[in-house]
Amino acid sequence: MQERVRSAQLYEEAKKHIVGGVNSPSRSFKAVGGGAPVFMKRAEGAYFWDADGNRYIDYLAAFGPIITGHAHPHVTEAIVRAARNGTLYGTATEGEITLARMLKEAIPSMDKVRFVNSGTEAVMTTIRVARAATKRNKIVKFAGCYHGHSDLVLVAAGSGPSTLGIPDSAGIPVSIASEVITVPFNELDGLKLALERWGDDVAAVMVEPIVGNFGMVMPKPGFLEGVCRLAREAGALVIYDEVITAFRFHYGSTQTFSAAFPDLAAIEPDLTALGKIIGGGLPIGAYGGRREVMEQVAPLGPAYQAGTMAGNPASVAAGIACLEVLREPGVYARMESLATRLTGGLAESAARYGVPLTINRIVGAFSTHFCDHPVTNYDEAQDTDGELFARFFREMLERGVYLAPSKYEAWFLTTAHTDADIDATLEAAEASFKAIGQG
Ligand code: PMP
């Protein structure tokens, strides 16, 4: 049993000053039995150390960005070098060109790029740009996909909002919510109906091409093609939210992930939203797309978007360094091989103790759903045992393994995880499944 006295003290103090004691609701432990979240003090490679000095193997990876592990020397050095030269200028810099070029080379559908500060901002702006380009108002999104916390997309939102039981956030005027149409993921009938009814006023269909926010969910064969075809027939743009997926499964995005989806190579969205990994652990977001669509954006066009912090030199330097690490041969294959061994072992342990478990793995990322049915859409992801997940989460935490405190979030491997980490995690999982199971 680990002692977390200091975390408990810090939580009491934090609650006096910070709403809910956390600066992002997904960090709270509300959905996993409540109480103090763990306050981390330091991180290196695949490990966290908390305020009481306990060590954890980290599978949160900060909800995705930390793909090279914590404090990777190449990334850290780039950040330090950038900071020494001044942290923000409010002017253009050469580093922004370098990172933009790297993104464009990896994701050819992006003729032009603009940097912002978060995935939320990136998505929010793609919607504005799509509306400007089409002179239409509505957007279609898929149930359970999470696209950040801007007004239009906090309807049927997965990830944190679903975890906390508020998929439709308060504070969003009906007039705005009525501009969003939500349809089920992985089937085309809902989308078809929506476009038949409202197609004339739909500016864009937005999708997480591989879902990361109600677990990891693959699009069924033909689904994304269908989405793009139906959207374009209706005169709407296609927005891919690749905030999680870009550079997660290979050096590129879902759009260029032809090894897994031979039929996907030809699909190019009109706009793409990016974030997380492309900032190497510092705040960043980016959006990009077809030249004529992107030229709607000020100063070239009438759609306004700006940012004091945008393209800040430290984030850009960290992003470039992170992508340089990911460009090394064999990086993704190694994460995949570790993840494959890990998910294989988790499935065996769960089965041994009669714990129902469905695992969705894609390369080095996967989700664990406590259920005995496949998870291919939001309804199926909701229909899983959150109580059992919470108990598993607590058991793993006690054994020094840190998972996201939500049944909807993924486990992320990093380039820092080792075979020994997988062994230790499987040992912890064996004991955890035994504790919660009937075997
Ligand atoms: N889109 C997707 C697919 C995401 O997963 C997230 C964050 N989890 C966002 C957008 C929002 O990004 P941020 O938290 O950086 O605002």
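Residues numbered from 1 in each chain as written. Predicted model: local features only at pLDDT ≥ 70, side-chain atom pairs only at ≥ 80, totals over all residues.

**Side note on the UniProt feature "modified residue: N6-(pyridoxal phosphate)lysine" (unreviewed entry) in the chain**
Per the UniProt record, "modified residue: N6-(pyridoxal phosphate)lysine" (unreviewed entry) is found at Lys276. Those residues in contact with lysine 276 that sit more than four places away from it in its chain are Gly64, Pro65, Gly119, Val243 and Ile244. (UniProt positions renumbered as here; feature names shortened; annotations may be inferred. Contact = placed C-beta atoms within 7 Å.)

**Considerations on the domain arrangement of the chain**
Often, the extent of an interface is quoted as the loss of accessible area upon association of its parts. Entries for the chain in the domain assignment read domain 1 (5-71 + 329-436) and domain 2 (73-326). Between the C-alpha centres of domain 1 and domain 2 the distance comes to 25 Å. Domain 1 puts 30 residues into the contact, and the matching count from domain 2 is 34 residues. Secondary structure elements with two or more residues in the side of domain 1 that touches domain 2: α11 (331-352), β11 (358-362), β12 (365-369) and α12 (378-382). Per element, the largest residue contribution to the side of domain 1 that touches domain 2 is 4 residues, and it comes from β12. Within the side of domain 1 that touches domain 2, the residues separate by chemical class into 18 nonpolar, 10 polar and 2 charged. (Domains from an automatic or database assignment. Helix = DSSP H or I, 4+ residues; strand = E, 2+ residues; numbered from the N terminus. Nonpolar A, V, L, I, M, F, W, Y, C, P; charged D, E, K, R; others polar.)

**Comments concerning the pairing of strand β10 (residues 285-289)**
By the criterion of burial, β10 is predominantly enclosed, with 5 of the 5 residues buried. The alternating pattern of β10 places Gly285, Tyr287 and Gly289 on one face and Ala286 and Gly288 on the opposite face, and all of these are buried. Here strand β4 (residues 112-116) pairs with β10 via 5 bridges, running antiparallel. Paired with phenylalanine 115 across the strands is alanine 286, a residue of β10. Bridge count for strand β9 (residues 271-275) against β10 is 5 bridges, and the pairing is antiparallel. Paired with leucine 271 across the bridge in β10 is glycine 289. (Buried ≥ 20, exposed ≤ 12 C-beta atoms within 10 Å, placed from the backbone. Pairing = 2+ DSSP bridges.)

**Focus on the sheet that holds strand β7 (residues 202-207)**
Taking strand neighbours across the sheet as the criterion, the 7 strands line up as β4-β10-β9-β8-β7-β5-β6 in an open arrangement whose pairing is mixed. For this open sheet the edge positions go to β4 and β6 (180-183), each flanked by a neighbour on one side alone. This sheet shows a mean twist of 20 degrees between the axes of neighbouring strands, independent of strand direction. Contacts from helix α4 (residues 119-134) reach β4, β5 (138-142), β7, β8 (237-241), β9 and β10, with the element oriented near 165 degrees to β9. (Axes fitted to C-alpha atoms, helices over the stretch in contact; angles between N-to-C directions.)

**Let's talk about the site of the ligand**
The ligand sits among 16 residues. The nearest are Ser118, Gly119, Thr120, Gly148 and Val243. When residues of the shell around the ligand are assigned to their parent elements, the largest contribution, 3 residues, is made by α4. Residues of the shell around the ligand, tallied by class, amount to 5 nonpolar, 9 polar and 2 charged. (Near = placed C-beta within 6 Å.)

**Details of the sheet that holds β12**
Sheets are built from strands that pair by backbone hydrogen bonding, the pairs being arranged parallel or antiparallel. Spatial strand order, β11-β12-β14: 3 strands in an open sheet with antiparallel pairing. Each edge of the open sheet carries a strand with a single partner, namely β11 and β14 (411-412). As paired strands, β11 and β12 are joined by 5 bridges and run antiparallel to one another. Bridging from a neighbouring strand, isoleucine 362 pairs with alanine 365 of β12. Contacts from α11 reach β11 and β12, with the element oriented near 175 degrees to β11.

**Brief notes about helix α14 (residues 419-436)**
If you check α14, its first and last C-alpha atoms are 26 Å apart, about what 18 residues at 1.5 Å a residue would give, namely 26 Å. Every buried residue belonging to α14 is among Asp421, Ile422, Thr425, Ala429, Ser432, Phe433 and Ile436, and all of these are buried. Along α14, the residues classed as buried sweep out an arc of 95 degrees about the axis, all on the same side. Exposed residues on α14 whose side chains face more than 90 degrees from its buried face are Asp419 and Ala420. (Expected span 1.5 Å × (residues − 1). Arc of directions from axis to C-beta.)

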